[in-house]
Amino acid sequence: ALAVQDPATPIDGYTIDSESRLVAVQVELNVTSAEEKMAVDTTYATVTDDSQIDYTAVSQAIKDELAVSEIGKGEKATGWIAFSVPKAAKLKSITYRIGLISVVALTADLP
């Protein structure tokens, strides 16, 4: 996790309900040694608050969103992932799962 926008400004056409706020986390994913390609997709990300509640990412909500792609050894993907969370939520970390059914998860504290 490189940066956090809290609250984040949604793109035109994205609406958020009055009980929630939009939070965006800028991430950088890179493959340093694995020979297999890694899927990049915002739907693999969740944020967790200080009560251990997870919130899934929302798509097409912010500018410069992390693009869906695949990256290989030596490649990086950088972009923003948005989350709709309750106004009172105190976020502490972001988790990115490698694939939807994988047991590999990357977790980072939010700056």
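I will try to describe carefully the structure that is included in this document. (Residues numbered from 1 in each chain as written. Predicted model: local features only at pLDDT ≥ 70, side-chain atom pairs only at ≥ 80, totals over all residues. Heavy atoms only, no water.)

Some remarks on the overall build of the protein
So, step 1. Within the protein, the regular secondary structure consists of zero helices and nine strands.
So, step 2. Its helices and strands in sequence order give the protein the pattern β-β-β-β-β-β-β-β-β, from N to C terminus.
So, step 3. Rg of the C-alpha trace for the protein: 14 Å, near the compact-globule value of 13 Å for 111 residues, within the 12% margin.
So, step 4. Taken along the three principal axes of its C-alpha coordinates, the protein extends 45 × 30 × 25 Å. (Helix = DSSP H or I, 4+ residues; strand = E, 2+ residues; numbered from the N terminus. Rg over C-alpha atoms; globule rule 2.2 N^0.38 Å.)

What about the environment of Glu-65?
So, step 1. For Glu-65, the location among the structural elements is in the loop between strand S5 (54-58) and strand S6 (69-71).
So, step 2. Ignoring any residue separated from it by four or fewer positions in sequence, one finds Glu-65 in contact with Thr-42, Val-58, Ser-59, Gln-60, Gly-79 and Trp-80.
So, step 3. Here Gln-60 takes part through its backbone nitrogen, which lies 2.8 Å from a polar atom of the side chain of Glu-65. (Contact = heavy atoms within 4.5 Å. Polar contact = N/O pair within 3.5 Å; in protein donor to acceptor, adjacent residues only side chain to side chain.)

Structural notes on the sheet that holds strand S2 (residues 20-30)
So, step 1. Judged by pairing direction, the sheet is antiparallel, and its seven strands sit side by side in the order S1-S2-S7-S5-S4-S8-S9 without closing on themselves. Two strands close off the open sheet at either side, each with one partner strand: strand S1 (3-5) and strand S9 (105-109). Between one strand and the next, the sheet's axes are offset by a mean angle of 30 degrees, whatever the strand orientation. (Pairing = 2+ DSSP bridges. Axes fitted to C-alpha atoms, helices over the stretch in contact; angles between N-to-C directions.)

Focus: the side chain of Thr-48
So, step 1. Position of Thr-48 relative to the elements: it lies in strand S4 (residues 45-49).
So, step 2. Among the polar contacts listed, one links the side chain of Thr-48 to the side chain of Asp-54, at a separation of 2.6 Å.
So, step 3. With sequence-adjacent residues up to four places away left out, Thr-48 is seen in contact with Ile-53, Asp-54, Leu-91, Lys-92 and Ser-93.

What to know about unusual backbone geometry
For residues other than glycine, phi is negative in most cases, and the peptide bonds are mostly trans.
So, step 1. Note the cis peptide between Asp-6 and Pro-7, where omega equals 5 degrees.
So, step 2. If you trace the backbone, Pro-7 turns up in the loop between S1 and S2.
So, step 3. Of note, Gln-52 is a non-glycine position whose phi angle comes to about 65 degrees, a positive value.
So, step 4. The residue Gln-52 is located in the loop between S4 and S5 in this model.
So, step 5. Look at Gln-52 and you get exposed, because its relative accessible area is 52%.
So, step 6. A positive phi angle is found at Gln-60, which is not glycine, with a value near 55 degrees. (Buried < 20%, exposed > 50% of the residue type's maximum accessible area, 1.4 Å probe, protein only.)

Re the pairing of S5
So, step 1. In this structure, S4 lies alongside S5, joined through three bridges in antiparallel fashion. Within the sheet, the bridge partner assigned to Thr-48 lies in S5 and is Asp-54.
So, step 2. Linking S4 to S5, which pair antiparallel, is a turn of four residues; within it Gln-52 sits at a positive phi near 65 degrees.
So, step 3. Two elements, S5 and strand S7 (residues 76-86), share two bridges in a ladder whose sense is antiparallel. Bridge pairing in S7 places Val-58 opposite Ala-82.

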